[in-house]
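The lines below spell out each chain.
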Amino acid sequence: MSYPHQAPEFRPAAVPARRPASVTLAAVVLALMTLGAVAYAVTALLALGGTVDRFRAAAGTGADADDISAMVTLLRVGTIVSAMVTVLVGLVLVGLAVGLLAGRRGAQLSTWVVSGLGLLGGCCTLAALVGQRAAPLEVGDPGLLPLLGEAYPAWWLPVNAGLSVAQLLGYLVVAVLLALPAAHRWFGAHRPAQPAAPPQNPYHLHPPQGARPPEWKESR
């Protein structure tokens, strides 16, 4: 039931309901990167035991037992910390993917920031792997560090290099997809609208016209 003098109802501007394919594809790429990160963390933890055993066997009895234990501790701590950081990064990527699918403008900006940091981190990791392959560092006993490098599985270094390249490409693809005009317009449409000012005299009430009645004047 409507009334002739009912105040008009103010509604926010309609937001395009159809999500651009570029935004959906960016979220899918982030999800795939998350799966890769979790798989890498699990694989690193599973390969830790065999790497330690091979390192101890290669070191034998010629090296100092304290140096061997220190290297094993460093290997275990580094692997566990790396796996934890990788899982945390995966959780961040999941949160960004959910925010992108929901059309949050902050998720788009945050994804650009994370993509920039990911590109930087991937470049540093790839450079470290190439440097390790070309000229291994010598710390402490020069015979232990090469043995530690050889204790890793044969597929370890190529897989790390491949993951670093995939990480670089993934972050680059996501950043480009979110910069496309269709995605930019869609996120812009989800910005919170400014509240409209209330209309003047919404019920269309008119003040009385003409001279005031005498009794009104006497009451004054």
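Before reading on, note that the structure itself is shown above.
Reading guide: rules and limits
- Residues numbered from 1 in each chain as written.
- Predicted model: local features only at pLDDT ≥ 70, side-chain atom pairs only at ≥ 80, totals over all residues.
- Heavy atoms only, no water.
- Helix = DSSP H or I, 4+ residues; strand = E, 2+ residues; numbered from the N terminus.
- Buried < 20%, exposed > 50% of the residue type's maximum accessible area, 1.4 Å probe, protein only.
- Contact = heavy atoms within 4.5 Å.
- Areas by Shrake-Rupley, 256 points an atom, 1.4 Å probe, with all protein chains shown as cover.
- Polar contact = N/O pair within 3.5 Å; in protein donor to acceptor, adjacent residues only side chain to side chain.
- Phe/Tyr/Trp six-rings, centres within 6.5 Å; stacked < 30°, edge-to-face > 60°.
- Axes fitted to C-alpha atoms, helices over the stretch in contact; angles between N-to-C directions.
- Parallel < 35°, antiparallel > 145°, perpendicular 65-115°, else oblique.
- Nonpolar A, V, L, I, M, F, W, Y, C, P; charged D, E, K, R; others polar.
- Expected span 1.5 Å × (residues − 1).
- Bend = angle between axes of the 7 residues up to and from the residue.

## Points about the overall build of the protein chain
Summing up its helical and strand segments, the protein chain has seven helices and zero strands in all. Listing each helix as α and each strand as β along the protein chain from the N terminus yields α-α-α-α-α-α-α. For the protein chain, the residues scored as buried account for 26% of the 220 residues in total. Contacts spanning at least 24 positions in sequence make up 85% of the contacts within the protein chain whose residues lie at least 6 apart. Only carbon and sulfur atoms are counted for the fraction: they give 67% of the accessible area of the protein chain, which is about 14700 Å².

## As for the side chain of S115
Looking at where S115 falls in the secondary structure, it is placed in helix α3 (residues 105-134). One polar contact links the side chain of S115 to the main-chain carbonyl oxygen of T111, over a distance of 2.7 Å. When sequence neighbours within four positions are dropped, the list of residues in contact with S115 reads Y171, V174 and A175.

## Observations concerning the packing of aromatic side chains
A complete count under the given rule lists four aromatic pairs for this structure. Judged by centre distance (5.4 Å) and plane angle (70 degrees), the rings of W186 and F187 are edge-to-face. Judged on exposure class, the residue W186 and its partner F187 are both buried. Ring pairing ties together the aromatic residues Y40, Y152, W155 and W156, which thus form one cluster.

## Concerning the environment of L117
With respect to the secondary-structure elements, L117 resides in helix α3. Here L117 falls in the exposed class, since its relative accessible area comes to 58%. Put simply, L117 and Y171 are 54 residues apart on the chain and 9.1 Å apart in space, counted from C-alpha to C-alpha.

## Concerning the packing of helix α5 (residues 156-179) against helix α6 (residues 181-189)
For the pair α5 and α6, the least separation of the axes is 5 Å and the interaxial angle reads 65 degrees. Here α6 runs roughly perpendicular to α5, going by the angle between their axes. Facing L177, L178 and A179 of α5, the residues of α6 in contact are P181, A183, H184 and F187. By residue class, the composition of the contact of α5 with α6 is six nonpolar, one polar and no charged.

## Side note on helix α1 (residues 21-59)
With 39 residues, α1 extends 55 Å between its outermost C-alpha atoms, agreeing within 8% with the 57 Å of an ideal straight helix rising 1.5 Å per residue. At L48, α1 is deflected by roughly 35 degrees, the largest bend along its length. Phi turns positive, to about 60 degrees, at G60, one or two residues after α1.

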